[in-house]
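Structure assessment
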Amino acid sequence: EVQLVESGGGLVKPGGSLRLSCGASGSTFSRYTMNWVRQAPGKGLEWVSSITTTSNYIWYADKVKGRFTISRDNDQSSLFLQMSNLSAEDTAVYYCASDGDTTVLSGVWGQGTTVTVSS
Amino acid sequence: DIQMTQSPSSLSASVGDRVTITCQASQDISDSLNWYQHRPGKAPRLLIYDTSNLQIGVSSRFSGGGSGTDFTFTISDLQPEDAAIYYCLQSDNLPYTFGQGTKLEI
C-alpha cells in the first residue's frame, strides 16, 4: 500500500521560511493530484494547496498565496511545500494527501509534520 | 468561497446508538461531499465520498446522504473506536472547504 511520510517541520521565527517534504512509497505517486492540508492547534482541517500530476495546474488558498509554493518531483515520488514569510497563523500540523481513483482527497494521507512559528 | 456549516460541534452517545451529523453548504455543491474521521495524532481517514459512497474497507455502519446543499452522515451501532472528530469536505469548487468538525464521544 502506498504510504506518505512528511518531513521538514520545526520551529521557525516569524518572517522565516521552511520547506516541507512528503515522500511516497510505491509506484503510483505520479498518477494523482497531490495536496497539502493543515490543522492549526485547536482548529479544524484547512485545505492549503494542490498540484496536478504534471504540475500543469496549481492552486492555493488565499491565506497562503504569494507566500507558499507547492511543487513535486515524480521521479523521486516527492511533494514539497516551500513556505516563506511565515506568521503565527501558519502554526499547524501539515498533512500531505493524494487524490484517489474516485475524487478529490480520496487517497492516502500522511501522518503530518508540525510547523511552529514563534519568536 | 463555499462555506460548510457542520453540526453539532460535539455530541456524546453510547455504544450501540445511532448518531447523525449534518453539513450545509452555502451554495449547491451537487454531490461533491466527503466525510472524514480524524483521531488525535493520526492521519484523517476517508469514510464516505461523493455524498453516499462507502470507501473501500470502511464499515457499513457508516453512511451518507443528501444533495445540493444539505447532507447527512450517520453512524449506526456505535462502537468505542468511533470516538473521533468527523469532518465534511466540499470538493465542488476551489478552494476546497471543510466543515468545522464534530467531536464524537462514546
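Below or above, wherever it landed, is the structure these notes cover. Just so you know, these numbers come straight off a predicted model, no measurement behind them.

By secondary structure assignment, the location of T103 of chain A is in the loop between β9 (92–98) and β10 (113–117). The class of T103 of chain A is buried, set by a relative accessible area of 14%. Those residues within four positions of T103 of chain A in sequence are excluded, and the remaining contacts are N34, Y49, D50 and S91 of chain B.

Moving on, we get to the nonpolar core. With 41 residues, the main nonpolar core has W36 of chain A together with F98 of chain B as its most contacted residues. Broken down by element, this core gets its largest block of residues, five residues, from β9 of chain A. Residues contacting F98 of chain B, with those up to four places away along its chain left out, are V37, L45, E46, W47, L105 and W109 of chain A together with M4, Y36, Y87, C88 and L89 of chain B. The next biggest cluster of nonpolar side chains, apart from the first, holds 23 residues, and it includes L11, L47, V58 and C88 of chain B.

Let's shift gears to the interface of chain B and chain A. If you look at the interface, chain B gives 18 residues, while chain A gives 19 residues. In this assembly, chain B packs against chain A so that about 1600 Å² is buried in total across both faces, 65% of it on carbon and sulfur atoms. Ranking the residues of chain B by area buried against chain A places P44, Y96 and F98 of chain B at the top, with a combined share of 33%. Scanning the region where chain B abuts chain A turns up zero salt bridges. Those elements that place two or more of their residues in the side of chain B that touches chain A are β4 (33–38), β5 (45–49) and β9 (84–90) of chain B. No other element matches the three residues that β4 of chain B contributes to the side of chain B that touches chain A. Looking at side-chain class alone, the side of chain B that touches chain A contains eleven nonpolar, five polar and two charged residues.

Parameters at a glance
- Residues numbered from 1 in each chain as written.
- Chains lettered and ligands numbered in written order.
- Predicted model: local features only at pLDDT ≥ 70, side-chain atom pairs only at ≥ 80, totals over all residues.
- Heavy atoms only, no water.
- Helix = DSSP H or I, 4+ residues; strand = E, 2+ residues; numbered from the N terminus.
- Buried < 20%, exposed > 50% of the residue type's maximum accessible area, 1.4 Å probe, protein only.
- Contact = heavy atoms within 4.5 Å.
- Core = buried A, V, L, I, M, F, W, Y, C linked by side-chain atoms within 4.5 Å.
- Buried area = accessible area lost by both parts, 1.4 Å probe.
- Salt bridge = Lys/Arg side-chain N within 4 Å of Asp/Glu carboxyl O.
- Nonpolar A, V, L, I, M, F, W, Y, C, P; charged D, E, K, R; others polar.

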